[in-house]
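Summary of structural features
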Number of protein chains: 2
Amino acid sequence: MSGRLTVIGLGPGPDGWVTPAARDAIVEADIILGYTAYTNRIVPQAHQRIEASDNREELSRAQRALTLAAEGHNVAVVSGGDPGVFAMAAAVFEAVERGPQSWRALNIHVEPGVTAMLAASARIGAPLGHDFCAISLSDNLKPWALIERRLRLACEADLVIALYNPASKARPAQIIQAFDVLKSCRAPDTTIVLARAVGRPDEDIDITTLAKVDPSSVDMRTLVIVGSTATRRIERVGQKPWVYTPRFAGDA
Amino acid sequence: MSGRLTVIGLGPGPDGWVTPAARDAIVEADIILGYTAYTNRIVPQAHQRIEASDNREELSRAQRALTLAAEGHNVAVVSGGDPGVFAMAAAVFEAVERGPQSWRALNIHVEPGVTAMLAASARIGAPLGHDFCAISLSDNLKPWALIERRLRLACEADLVIALYNPASKARPAQIIQAFDVLKSCRAPDTTIVLARAVGRPDEDIDITTLAKVDPSSVDMRTLVIVGSTATRRIERVGQKPWVYTPRFAGDA
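Definitions and cut-offs
Residues numbered from 1 in each chain as written. Chains lettered and ligands numbered in written order. Predicted model: local features only at pLDDT ≥ 70, side-chain atom pairs only at ≥ 80, totals over all residues. Heavy atoms only, no water. Helix = DSSP H or I, 4+ residues; strand = E, 2+ residues; numbered from the N terminus. Rg over C-alpha atoms; globule rule 2.2 N^0.38 Å. Buried < 20%, exposed > 50% of the residue type's maximum accessible area, 1.4 Å probe, protein only. Contact = heavy atoms within 4.5 Å. Areas by Shrake-Rupley, 256 points an atom, 1.4 Å probe, with all protein chains shown as cover. Lys, Arg positive; Asp, Glu negative; His and termini not counted. Charge placed at Lys NZ, Arg CZ, Asp CG, Glu CD. Pairing = 2+ DSSP bridges. Domains from an automatic or database assignment. Buried area = accessible area lost by both parts, 1.4 Å probe. Salt bridge = Lys/Arg side-chain N within 4 Å of Asp/Glu carboxyl O. Polar contact = N/O pair within 3.5 Å; in protein donor to acceptor, adjacent residues only side chain to side chain. Axes fitted to C-alpha atoms, helices over the stretch in contact; angles between N-to-C directions. Parallel < 35°, antiparallel > 145°, perpendicular 65-115°, else oblique.

**Notes on the overall build of chain A**
Broken down by element type, chain A carries seven helices and 13 strands. The C-alpha atoms of chain A give 20 Å as radius of gyration, which agrees with the globular expectation for 252 residues (18 Å, within 12%). The principal-axis extent of the C-alpha atoms belonging to chain A is close to 55 × 40 × 35 Å. Of all 252 residues assigned to chain A, the portion counted as buried reaches 60%. When contacts within chain A are restricted to residue pairs at least 6 apart in sequence, long-range pairs at least 24 apart make up 67% of them. Total accessible area on chain A stands at roughly 9,500 Å², and carbon and sulfur atoms take up 49% of it. Of the charged side chains in chain A, 27 are positive and 28 negative, and the gap between their average positions amounts to 2 Å.

What follows is the structure, given as structure tokens:
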């Protein structure tokens, strides 16, 4: 089979954060598939076709991409951020595992990208400078009890926590529940970063605390970072503080 | 003050993984500081000066960079991967906090990059496709008891675990101890990925299990990924398996 499938991370938004390797992989593709918000960032060339679809259709999009690659096309599937972090790469490999044996012989390649937590972190300092975890709050694909359990254990481990998919119109309650869990195990003055639309024209970053955070200001375009007990704020005159987590840590 | 300090992530190695924004920031700098392994990746222009230093001198390098920026220079500090993940950004903000008040007024900017775990993940599938954590095994800056505690809790939370700085010549024992901890809480057939020198000419990726992994094959250039109970392998004829962690998860 001469077809090819590349799963590509476009980074959080601006062209300056799209790697040259990702850019090259897009240029080489015949057919580009993805969620509309990401395919909208690509200007197709004359030989290229774009198939945009809804956010919730990850598995069917992956199956469609694999089918096209098996037919001999050079297919690109695009994600925002990094495709391997709560994005299309896992859906593609799920589809491979469930699909015909012949798909296992396909030429599949993943192009990494800058994932949202790295971009959000860079904007305000270095909150991920020490041990951290990334947890998705979407319970479309896992039970809420598991999410809550992971939040409690991440607290206990004193990890910095990056929350992906913290809320959507269909799921306004999760982020409220998540902050309630965190309030039971971290101090009220724990630093909270709400990084909305990082790298986009409407970027908005709020640095607050667990006691003061307003869950209603969190939406599906927000990446939430919850500090550990070691995370520090450097206050500045007339500017937002910097937030960082030191490389060293105290006793367990 | 007209000086400026940019902390830049060069990605794991190849030029194709250096973002255009990182590339631009390097071009604009007058003085570039970093660990020799990273400054060696930069060809200085006529107006540029490079100050290379040893891996262990992070804080003094940060202080030097801030001093130069305060004098009016346009300074770049380079890291491999992403500068915010176990790298120079945290050291720079530590130095700011400890340093003179005037440093808080400096123009400091962090340019994110592709961190090693994303590149390693992309090479073999999507092992970070679901909740995960990143833990540094270096106990130069934190007690081993804390590292061990975090590994146990990450196990209990059933997170995929990326281990940074798993071993060095000065610390050959940590990775042995870490695998011993993991053996006490994860099954023998847990997938282990040893991703050495990802993106470099001598890249070497080994996919094995917790029962079979040989700690002596892990060095300071290796990124280790430990699967969760959900992580799956897709076997292929005549090729390495793909490894991925599904987006869905079972009951807690």
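Structure's up, so let's keep going.
**Topic: the pairing of strand β8 (residues 160-164) of chain B**
Residues and elements named next belong to chain B. With five of its five residues buried, β8 lies for the most part within the structure. In β8, alternate side chains face the same way, and those of V160, A162 and Y164 on one face and I161 and L163 on the other are all buried. Two elements, strand β7 (residues 132-136) and β8, share five bridges in a ladder whose sense is parallel. Opposite A134, over in β8, you have A162 as the bridge partner. Relative to strand β11 (residues 222-226), β8 is paired through three bridges, and the arrangement is antiparallel. Its bridge partner being in β11, I161 is matched across the sheet by V226.

**Observations regarding the domain arrangement of chain A**
All names here are of chain A. Domain boundaries in chain A define domain 1 (4-114) and domain 2 (117-244). Each of domain 1 and domain 2 was reduced to a C-alpha centroid, and the two centroids are 28 Å apart. Counting from both sides, the interface comprises eleven residues of domain 1 and, opposite them, 14 residues of domain 2. Counting each side, the surface lost to burial between domain 1 and domain 2 is near 890 Å², with a carbon and sulfur contribution of 66%. Among the residues domain 1 hides against domain 2, the three largest losses belong to W17, R56 and F86. Together they make up 51% of the total. Counting the contacts that link domain 1 with domain 2 gives zero salt bridges. Our enumeration of links across domain 1 and domain 2 arrives at zero residue pairs in polar contact (both at pLDDT 80 or more).

**Points about the packing of helix α6 (residues 144-156) of chain A against helix α6 (residues 144-156) of chain B**
Remark: α6 of chain A packs on α6 of chain B, axes separated minimally by 9 Å, with the N-to-C direction vectors making an angle of 175°. Judged by the angle between their axes, α6 of chain A and α6 of chain B are roughly antiparallel. Side by side, α6 of chain A and α6 of chain B meet where R149, L153 and E156 of chain A of the first sit next to R149, L153 and E156 of chain B of the second.

**A look at the side chain of R61 of chain B**
All names here are of chain B. Relative to the helices and strands, R61 is located in helix α3 (residues 58-70). The buried charged residue R61 lacks any salt bridge partner; its closest oppositely charged side chain belongs to E58, at an N-O distance of 5.2 Å. Only 2.9 Å separates the side chain of R61 from the side chain of S53, close enough to count as a polar contact. Not counting residues within four places of it along the chain, the set of residues in contact with R61 comprises L33, G34, Y35, S53, D54, N55, V77 and M88.

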